[in-house]
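# Topology and contacts: notes
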Amino acid sequence: SQQGEEDPQALSIQEGENATMNCSYKTSINNLQWYRQNSGRGLVHLILIRSNEREKHSGRLRVTLDTSKKSSSLLITASRAADTASYFCATDVGFQKLVFGTGTRLLVSP
Amino acid sequence: DTEVTQTPKHLVMGMTNKKSLKCEQHMGHRAMYWYKQKAKKPPELMFVYSYEKLSINESVPSRFSPECPNSSLLNLHLHALQPEDSALYLCASSQEADSGNTIYFGEGSWLTVV
């Protein structure tokens, strides 16, 4: 069953711009993870944020989590063409049962 | 680069065939997973193995049969599949099968059922 809705479904920006993707979910979570997927490829883990954390950074990535609103956001700063991919949030609802959101397709043009 | 290796990368099989997908990890992880991903959809959990024992089966049809021969290997046996089973099958692993562990995915096996 689908837990997360991501918004926007698709995002098109120029290199150097920032990209923000949002994820909303329905039930309580233990943590939330963000993944990147290049077309037809496997998932690459980007960042894990625990339910008691509000913000986390990793390189050009910034993730926020608001458990009261059941939402998370992923910000990619100074985007590059190589960031073109689909981005998924995944909520850990227990026993390592990851439930993925609908995904955002990001296109970064040179 | 992922340290979860899946073979084959592509598989075409008929509805009466029996085939297997294989997955291997050498990170010493004790939890392994199978996910299914249809085109333009998010991945969906199929099975979870923890310490080589099946701990979660998400009501997957019996034509999919998982097997964990040891802590490094995970197989998915396929028999009498339907065309709608065509999808990307993703294997993953994590240190333990509890919350807070990062789950690492392989590149997937593209399955086409004809």
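The structure we're discussing is the one just above.
Residues numbered from 1 in each chain as written. Chains lettered and ligands numbered in written order. Predicted model: local features only at pLDDT ≥ 70, side-chain atom pairs only at ≥ 80, totals over all residues. Heavy atoms only, no water.

## So, the nonpolar core
Of all hydrophobic cores here, the largest spans 22 residues; its most connected members are Trp34(B), Phe64(B), Leu76(B) and Leu78(B). Contributions of two or more residues to this core are made by β2 (10-13), β3 (18-25), β4 (31-37), β5 (44-50), β7 (64-70), β8 (73-79), β9 (87-94) and β11 (109-113) of chain B. Ignoring any residue separated from it by four or fewer positions in sequence, one finds Leu78(B) in contact with Leu11(B), Met13(B), Asn17(B), Lys18(B), Lys19(B), Leu21(B), Arg63(B), Phe64(B) and Leu111(B). Formed by 21 residues, the second largest nonpolar core is a distinct cluster that contains Ala19(A), Tyr25(A), Cys89(A) and Leu106(A). (Core = buried A, V, L, I, M, F, W, Y, C linked by side-chain atoms within 4.5 Å. Buried < 20%, exposed > 50% of the residue type's maximum accessible area, 1.4 Å probe, protein only. Helix = DSSP H or I, 4+ residues; strand = E, 2+ residues; numbered from the N terminus. Contact = heavy atoms within 4.5 Å.)

## A look at the interface of chain A and chain B
Listed per partner, the contact involves 23 residues of chain A and 24 residues of chain B. Each partner contributes to the roughly 1800 Å² buried at the junction of chain A and chain B, and carbon and sulfur atoms together form 53% of this total. Summed over the three residues of chain A that lose the most area to chain B, namely Leu43(A), Gln96(A) and Lys97(A), the buried surface amounts to 31% of that side. In this structure, the connection of chain A to chain B is made through 2 salt bridges. Two residues, Glu107(B) and Arg41(A), come together in a salt bridge whose shortest N-O distance is 2.7 Å. Across the contact surface, chain A and chain B share 7 residue pairs in polar contact (both at pLDDT 80 or more). When residues of the side of chain A that touches chain B are traced back to their parent elements, those giving at least two are β4 (31-37), β5 (43-50), β9 (85-92) and β10 (98-100) of chain A. For the side of chain A that touches chain B, the per-class residue count stands at 7 nonpolar, 12 polar and 4 charged. (Buried area = accessible area lost by both parts, 1.4 Å probe. Salt bridge = Lys/Arg side-chain N within 4 Å of Asp/Glu carboxyl O. Polar contact = N/O pair within 3.5 Å; in protein donor to acceptor, adjacent residues only side chain to side chain. Nonpolar A, V, L, I, M, F, W, Y, C, P; charged D, E, K, R; others polar.)

Keep in mind these values describe shape, not function.
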